Amino acid sequence: MIGRFANIIVDISHEKVDRPFQYRIPEALIGQLDVGMAVIIPFGLGNKRIKGYVIEITDKVEYDEQKLKYVDSIVKGGISAQSDSLRLAEWIRQNYGSTMIAALKTVLPVKKKLKQVIRKNIVCKVDAQTAAAKADEFAKKHQNAKARLMQELVLQPVLLHTLVTGKLNIAAQTIRALEKAELIEVQVEGTYRSVLPKNITDLDNWKKKQLSPNQNVIVDNIISDFKNNIRMTYLVHGVTGSGKTEVYMELIEKMIAEGRQAIMLIPEIALTYQTLVRFYQRFGDRVSVINSRLSAGERSDQYERAARGEIDIMIGPRSALFTPFKRLGLVIIDEEHESSYKSESMPKYHAREVAEELCRIKNASLVLGSATPSVESYYKAKKGEMRLFTLKERLAGGQLPKVYVEDLRNELKSGNRSILSRRLYDLIRDRLQKKEQTILFINRRGYAGFVSCRACGHVMKCPHCDVSLSEHTNRFKNKSMLVCHYCGYTIPGVTSCPQCGSKYILGFRAGTQQIEEFLHREFPTARVLRMDADTTKGKGSYERILSQFANEEADILVGTQMIVKGHDFAKVTLVGILAADMSLHVGDYRAGERTFQLLTQAAGRAGRSALPGEVVIQTYQPEHYAVVHAANQDYEHFFAEEIAYRDLMMYPPVAHMLAVLVLSNDEKMAEIQINTLAEQAKQQFGNRKFVLIGPTEACIGKINDIYRYIFYIKHGEYQVLTAVKDALEQTVYARKWNADSVQFDFDPLNNY
Ligand code: ADP
Ligand code: ZN
Ligand code: ZN
């Protein structure tokens, strides 16, 4: 782009400098500089050299030309953003609230190009026979090094240079001599670090399938829309094993035939080796993958390959969305309901929403898939904003399991106070006898801490927000308090149930370790594996536990939600969900949705092969709609009840909710800031209708000595909330508060 001035965003995360600064382009760089490039510029009074990103090149001078400073240089090896990425960054900044530089860094996941790996090979230039003859000849002359190398080349005509100089112990001089004699050649190749599975043997298993009529309907509709230049979002609702992945692959193949590229997002935990092999089988080295196990160099290589058009498909978690494809035609988001698609740091974007915008910019189609769609997506599908497809049958066989819901109140009544209901206890014993496997799943999510009655199931709830209260211990008096995470409503802890008077009302706690110990006591011969945050800390330990269990080295696997995903175990015929209530009462408006998803998916682990499966859900609230409909695998009815609740309480997706969080090491300051911002939010609305909840101390009031205060605003229109956010950002700026101390979260997934 030609122009004499560059508008540049500087790389300092501070609200005060989060606007473009204009610079003059020196003679030597005119025509060289481009939008998206990283540059070095002098900044501030001391003209400190810092990095910035060019967001515009223009001939229009905005200040006194004589006073403008010159761009210093272009950052060597800096990744430059395409203009599409800049548009996306601007959209992210506007819709989620953050500094421009934070948004830019989000869309540029790799900050720096790393050098390619250089590989040197020694290649034999003569045929094996000649090489063998030469080896003999050298041996006779006692030229042992030369003989050794030629012999090795008889076996393998290409050798790694490092192997030759290292293990074979051959001097550079010898190599040069053989090179001169034209027996060998040293070849240098720049290679990309390969990240794909090696030595795949299981070739036949993943042959392309003849699609079923239902699968074909999906593929045909989406592709014909694409060819007719219709772009929209599609939602594929299909149980695990119903053939969604097969549909994705067919769509990708057809998109490539149209000359376009595809991004497929899979939550990291579900991105198994098997899935990778399947894609690799079908698309060879036109596919690449990004995940957190890759080194910085490996990541950088994958983005570079994408930018050069050397690959057509990128698979990976959230950040794979920012793969710099020039001809993007399709984005697929598998397991679209997963909470890992939302960023936990600023900007707190949701990959599903960013994908919609990316597809608009790139004129691409968006396909979402899930066995338990998010309430958001299903709501949109019902309103006609997405097109819904349903896949009902499992294609590789396996029936849906039989599900029992065990009422723990009855267990208490009949004197059973153990963590296992009688039915689950009996079924575990039965499986141990039959040498079949059991998974016990403890539904442990965050800092549950809700208080419920063991006798009648009554849960202590906030009268204003209809979410459960959490047990907190008062910082000063060491007294138990029940607190609402949204509005701060607080009552003293209770000692008897307000519903039935029972004294068995307490905070809910149970861990995987207690269960493991219990199993050892009750079933001393059973082999038990435990999978939770503690046992999966080490590198590769997650995979190791799974493969031990798959190899039937254990009878029972006890774990948290991380065992719910991905893997199929043929011998698992019993799944026990020990405390369904744990996720029912986390104290946020998504608790019902999360519970339904977890129960449905956990139940889906049983009976994946010819052996029929059974599932036991233990709960104090067997009548809760999330439990009832998960037991029946009935999404439709679950959705109907969930959306009615969201509608009634003005929760997303029916309305929208903005969380404003203030963080400060100074408690007084945090309080002043949150009150000022809440006051200003009220003024923004004037006479218009809105709901403000709080401000209050956040659910976790202090982390690492940083105090946390929060308020929420609910309103029907997302745009109205972004306008409020803009005004609050202005206040932060005007008062010279640190921009990092105020965070925004739209339609939050968890509470703070
Ligand atoms: P999902 O992604 O919905 O879990 P998959 O695409 O992985 O489902 O399919 C589940 C199983 O069914 C896989 O073993 C797959 O190979 C097989 N499968 C999928 N589609 C077909 C088909 N049309 N014909 C035969 N087998 C199929
Ligand atoms: Zn009670
Ligand atoms: Zn409340």
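Calculation criteria
- Residues numbered from 1 in each chain as written.
- Chains lettered and ligands numbered in written order.
- Predicted model: local features only at pLDDT ≥ 70, side-chain atom pairs only at ≥ 80, totals over all residues.
- Heavy atoms only, no water.
- Buried < 20%, exposed > 50% of the residue type's maximum accessible area, 1.4 Å probe, protein only.
- Helix = DSSP H or I, 4+ residues; strand = E, 2+ residues; numbered from the N terminus.
- Pairing = 2+ DSSP bridges.
- 1 Å grid on protein atoms, 1.4 Å probe; cavity = no way out; pocket = protein on both sides within 12 Å on 5 of 7 lines; lining within 4 Å.
- Points joined across faces, edges and corners; volume = space filled by probe spheres on them.
- Nonpolar A, V, L, I, M, F, W, Y, C, P; charged D, E, K, R; others polar.
- Axes fitted to C-alpha atoms, helices over the stretch in contact; angles between N-to-C directions.
- Contact = heavy atoms within 4.5 Å.
- Donors = N, O, S within 2.8 Å, 3.2 Å for Na, K, Ca; no water.
- Tetrahedral: all angles 85-135°; square planar, octahedral: opposite > 155°, others 65-115°.
- Core = buried A, V, L, I, M, F, W, Y, C linked by side-chain atoms within 4.5 Å.

Q: Even after reading the chapter, I still don't get the pairing of strand β1 (residues 5-10), so can you show me in this structure?
A: Where burial is concerned, most of β1 is hidden: six out of the six residues are buried. Residues of β1 alternate between two faces, with F5, N7 and I9 on one and A6, I8 and V10 on the opposite face, all of them buried. Of the strand pairs in this sheet, β1 and strand β4 (residues 48-58) are connected by six bridges, and their pairing is antiparallel. In the sheet register, I9 faces β4, and the bridge partner there is Y53. Pairing between β1 and strand β2 (residues 21-24): four bridges, direction antiparallel. Paired with A6 across the bridge in β2 is Y23.

Q: Even after reading the chapter, I still don't get empty space enclosed by the protein, so can you show me in this structure?
A: In this approach, a probe sized like a water molecule rolls over the atoms, and the result shows the empty space that is left. Evaluated as defined, the whole model comprises two cavities of 30 Å³ or more. For the largest cavity, the full set of lining residues is Q82, D84, S85, L88, L321, F322, T323, P324, F325, L358 and K362. Those elements that place two or more of their residues in the lining of the largest cavity are α1 (83-96) and α11 (351-362). Broken down by element, the residue count for the lining of the largest cavity peaks at three residues, all from α1. Of the residues belonging to the lining of the largest cavity, the class tally is six nonpolar, three polar and two charged.

Q: For this particular structure, what's the right way to read the sheet that holds strand β23 (residues 528-531)?
A: Hydrogen bonds along the backbone pair up the strands of a sheet, which may run parallel or antiparallel. The strand order β16-β26-β25-β17-β24-β23 describes an open sheet built from six strands, whose pairing is parallel. The open sheet is flanked by β16 (402-407) and β23, the only strands paired with a single partner. Across the sheet, the mean angle from the axis of one strand to that of its neighbour is 15°, orientation sign disregarded. Of the strand pairs in this sheet, strand β17 (residues 437-441) and strand β24 (residues 556-559) are connected by four bridges, and their pairing is parallel. Bridging across to β24, F441 finds its partner in G559. Across the sheet, helix α18 (residues 591-603) touches β17, β25 (572-577) and β26 (614-619), and the angle it forms with β25 is around 155°.

Q: Help me out: how do you make sense of the coordination of the zinc ion (ligand 3) in this one?
A: Around a metal, the idealised angle for a tetrahedral arrangement of four donor atoms is 109.5 degrees; for an octahedral arrangement of six donor atoms it is 90 or 180 degrees. Ligation of the zinc ion (ligand 3) by protein atoms is provided by C462 (SG), C465 (SG), C484 (SG) and C487 (SG), these donors lying 2.2 to 2.4 Å from the ion. Taken together, the four donor atoms coordinating the zinc ion (ligand 3) span angles of 106 to 115° at the metal, a pattern that classifies the geometry as tetrahedral. Linear spacing of the donor residues for the zinc ion (ligand 3) on their chain is C-x2-C-x18-C-x2-C. With C462 in the loop between β18 (451-453) and β19 (470-473) and C487 in the loop between β20 (480-483) and β21 (490-492), the pair connects residues that are 25 residues apart, well separated along the chain.

Q: For this particular structure, what's the right way to read the nonpolar core?
A: For soluble globular proteins, the rule of thumb is that nonpolar side chains tend to be buried together. Among the nonpolar cores identified, the biggest contains 146 residues, and V331 and Y486 are the most heavily contacted of them. Broken down by element, this core gets its largest block of residues, seven residues, from strand β27 (residues 656-664). Beyond its immediate stretch of four places on either side in the chain, V331 contacts I263, L321, A355, L358, C359, S365, L366 and V367. Counting 31 residues, the second largest nonpolar core, distinct from the first, contains L211, F226, L276 and L330.

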